[in-house]
Amino acid sequence: MEIQPNFSLKNYNTFGIEAKAKQFVAVHSVTELKTILEVHKSEKKFILGGGSNMLLTKDIDALVIHIDLKGKEIIKEDEDFVWVESQAGETWHDFVLWTIDHNFGGLENMSLIPGNVGTTPVQNIGAYGTEIKDTFISCEAINIESQEIKTFTNTECNFGYRESIFKNEVKDQFIITSVIYKLTKRNHKINTSYGDITAELAKNNVASPTLKDVSNAVIAIRQSKLPDPKELGNSGSFFKNPILLKSDFEKIHQKFPEMKYYDISETEVKVPAGWLIEQAGFKGKRFGNAGVHKNQALVLVNYGNATGQEILAVSKDVQKTVFETFGIHIEAEVNVI
């Protein structure tokens, strides 16, 4: 384990922002992680996973610990289900493809989401009608202060829409080292309820979709809308879809009857943030090296050498204009550092 000073994080964040870490170290096992935490107990620390859900607006004046734990295994199975454990440093999409290759169902709708396995419970990531909480059994996490290992069950994680205990009650106190998912081996619940997936499957003349068919459809949709971070710096969806009380939404809907929405409970509706941003005139708009992607208004992009501050300024401009136009506040999904 080599600690490197004044280390560039440009290749460690999907926005491709140039920022420096005061010190940087990659850890490849729980033992290495424990050692680093113990030896550098008094130092300020910053935990880095896949770098896909953050916007660096400044240098990191801390010891950056890159979680690079690898490995996945079947830890239990019966006729219907399999329990799979993945280490935190596994690339999420590669892990999803591995489950599909083994005909394990439950993660296929979340294909091609950027990032690593260890951060999936933090955000309760989701796409096309599924979320991590649907298959998540538990995760192991190390207490940064005491180096003790704790297991968090599904219930203990307090999952919500892009929310969990790791973003709230125990924020910055634990590092997730591995995650266990319970997946189907047969009688898969194929979820094609989203129109985009239905249309993609129809285009390919798929009447009875397999897990692989659904995954391929999701990959095709995401690739058509979202830029590859290796080619154009971005972090996927920058904003959350706002959730409104139906009583509040009805007043707004009277003014904007064309506004899209989805019922999520008897009292709440979800409004697509991408639609709001597009209607506010930002889709495809460029501000120097930063801008809003031409195919998906939810995605902010780095066209060249944009700074984190420039991208943050665009996000604030988007939020302000959407609020002034519709009276709806859209929240950043990305962590601004």
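Residues numbered from 1 in each chain as written. Predicted model: local features only at pLDDT ≥ 70, side-chain atom pairs only at ≥ 80, totals over all residues. Heavy atoms only, no water.

Enquirer: Is there a simple way to explain helix α5 (residues 211-225) in this structure?
Expert: For an α-helix the count is 3.6 residues per turn, leaving residues at separations of three or four pointing the same way. Relative to the 21 Å expected for 15 residues at 1.5 Å per residue, α5 spans 21 Å between its end C-alpha atoms, a close match to the ideal helical length. What α5 keeps buried is the set Leu-211, Val-214, Ser-215, Ala-217, Val-218, Ile-219, Ile-221 and Arg-222. Here the buried face of α5 lies against α2 (92-101), β8 (126-127) and α4 (195-203). (Helix = DSSP H or I, 4+ residues; strand = E, 2+ residues; numbered from the N terminus. Expected span 1.5 Å × (residues − 1). Buried < 20%, exposed > 50% of the residue type's maximum accessible area, 1.4 Å probe, protein only. Contact = heavy atoms within 4.5 Å.)

Enquirer: What is the right way to look at helix α1 (residues 30-39) in this model?
Expert: Residues of α1 that are buried include every one of Leu-33, Ile-36 and Leu-37, and no others. Along the long axis of α1, the arc covered by the buried residues comes to 95°, so they all point the same way. Turned more than 90 degrees away from the buried face of α1 sit Thr-31, Glu-38 and Val-39, all of them exposed. Along its buried surface, α1 packs onto β2 (20-27), β3 (45-48), β5 (60-67), β10 (136-143) and β12 (174-184). (Arc of directions from axis to C-beta.)

Enquirer: Sorry if this is basic, but what is going on with the side chain of Thr-177 here?
Expert: Position of Thr-177 relative to the elements: it lies in strand β12. Of the residues examined, Thr-177 reaches a relative accessible area of 2% and is grouped as buried. Sequence-distant contacts of Thr-177, that is, excluding residues within four places in its chain, are made with Val-30, Leu-33, Leu-69, Gln-87, Ala-88, Glu-140, Ala-141 and Ile-142.

Enquirer: What should I look at first to understand the pattern of salt bridges in this one?
Expert: Close approach of charged atoms allows side chains of opposite charge to pair. Tallied over the full model, the rule gives 18 salt bridges. Across the pair Lys-203 and Glu-200 runs a salt bridge, and its minimum N-O distance is 3.4 Å. Of the two residues, Lys-203 and Glu-200 are both situated in helix α4; the distance of three residues between them amounts to about one turn of the helix. Judged by its relative accessible area of 60%, Lys-203 is exposed. Between Glu-324 and Lys-320 there is a salt bridge, with its nearest N and O atoms 3.1 Å apart. A residue pair is termed a helical-turn pair when its members lie 3 or 4 positions apart in one helix, as Glu-324 and Lys-320 do in helix α8 (residues 308-326) at four residues. A single salt-bridge network, built from bridges that share partners, covers Glu-131, Lys-133, Asp-134, Arg-162 and Glu-333. (Salt bridge = Lys/Arg side-chain N within 4 Å of Asp/Glu carboxyl O.)

Enquirer: I would appreciate a short explanation of the side chain of His-40 in the present structure.
Expert: Among the secondary structure elements, His-40 is positioned in the loop between α1 and β3. By relative accessible area, which is 12% here, His-40 ends up buried. Here the side chain of His-40 touches Glu-43 through a polar contact of 2.7 Å, side chain to side chain. Those residues in contact with His-40 that sit more than four places away from it in its chain are Ile-3, Lys-45 and Leu-63. (Polar contact = N/O pair within 3.5 Å; in protein donor to acceptor, adjacent residues only side chain to side chain.)

Enquirer: Looking at this structure, I do not really get the nonpolar core. What am I missing?
Expert: For soluble globular proteins, nonpolar side chains are generally found buried alongside one another. One finds Leu-9, Phe-239, Met-259, Leu-276, Ile-277, Ile-311 and Val-318 to be the most contacted residues of the largest nonpolar core, which totals 46 residues. Sorting the residues of this core by element identifies β2, β3, β4 (54-55), β5, α6 (246-255), α7 (273-279), β18 (290-292) and α8 as the ones contributing at least two each. If one sorts the elements of this core by residue count, α8 sits on top with six residues. Leu-276 has contacts with Pro-242, Met-259, Val-271, Val-322, Phe-326, Ile-328 and Ile-330, leaving out every residue within four places of it along the chain. (Core = buried A, V, L, I, M, F, W, Y, C linked by side-chain atoms within 4.5 Å.)

Enquirer: What am I meant to see in the sheet that holds β10 here?
Expert: Strand pairing in a sheet relies on backbone hydrogen bonds, with the paired strands running either antiparallel or parallel. Ordered in space as β6-β7-β12-β10-β11, the five strands form an open sheet in which the pairing is antiparallel. Looking at strand neighbours, the two that pair on one side only are β6 (72-77) and β11 (149-153), the edges of this open sheet. Ignoring which end each strand starts from, the neighbouring axes of this sheet average 25° apart. With seven bridges connecting them, β10 and β12 associate as antiparallel partners. Of the residues in β12, the one forming a bridge with Ser-138 is Ile-180. (Pairing = 2+ DSSP bridges. Axes fitted to C-alpha atoms, helices over the stretch in contact; angles between N-to-C directions.)

Enquirer: How do you make sense of the packing of aromatic side chains when you look at a structure like this?
Expert: Within a pair of aromatic rings, the relevant descriptors are the distance that separates the centres and the angle that separates the planes. Within this structure, the stated rule accounts for 17 aromatic pairs. Arranged with centres 6.3 Å apart and planes meeting at 65°, the rings of Phe-15 and Phe-238 form a pair that is edge-to-face. One end of the pair, Phe-15, is in the loop between β1 (4-8) and β2; the other, Phe-238, is in the loop between β13 (233-234) and β14 (243-245), with 223 residues separating them in the sequence. Residue Phe-238 is classed as buried on the basis of its relative accessible area of 1%. When the centroid spacing of 6.1 Å and the interplanar angle of 15° are considered together, the rings of Phe-95 and Trp-98 count as stacked. (Phe/Tyr/Trp six-rings, centres within 6.5 Å; stacked < 30°, edge-to-face > 60°.)

Enquirer: For this particular structure, what's the right way to read the packing of α2 against α5?
Expert: How two helices sit against one another is set out by the angle between their axes and by the gap between those axes. It is the contact of α2 with α5, at a shortest axis distance of 9 Å, that shows an interaxial angle of 155°. In terms of orientation, α2 lies roughly antiparallel with respect to α5. Crossing of α2 over α5 shows left-handed handedness. Packed against α2, whose contacting residues are His-93, Leu-97, Ile-100 and Asp-101, the element α5 presents Leu-211, Lys-212, Ser-215 and Ile-219 at the interface. Residues of the contact of α2 with α5, tallied by class, amount to four nonpolar, two polar and two charged. (Parallel < 35°, antiparallel > 145°, perpendicular 65-115°, else oblique. Left-handed = near helix turned anticlockwise from the far one by under 90°. Nonpolar A, V, L, I, M, F, W, Y, C, P; charged D, E, K, R; others polar.)

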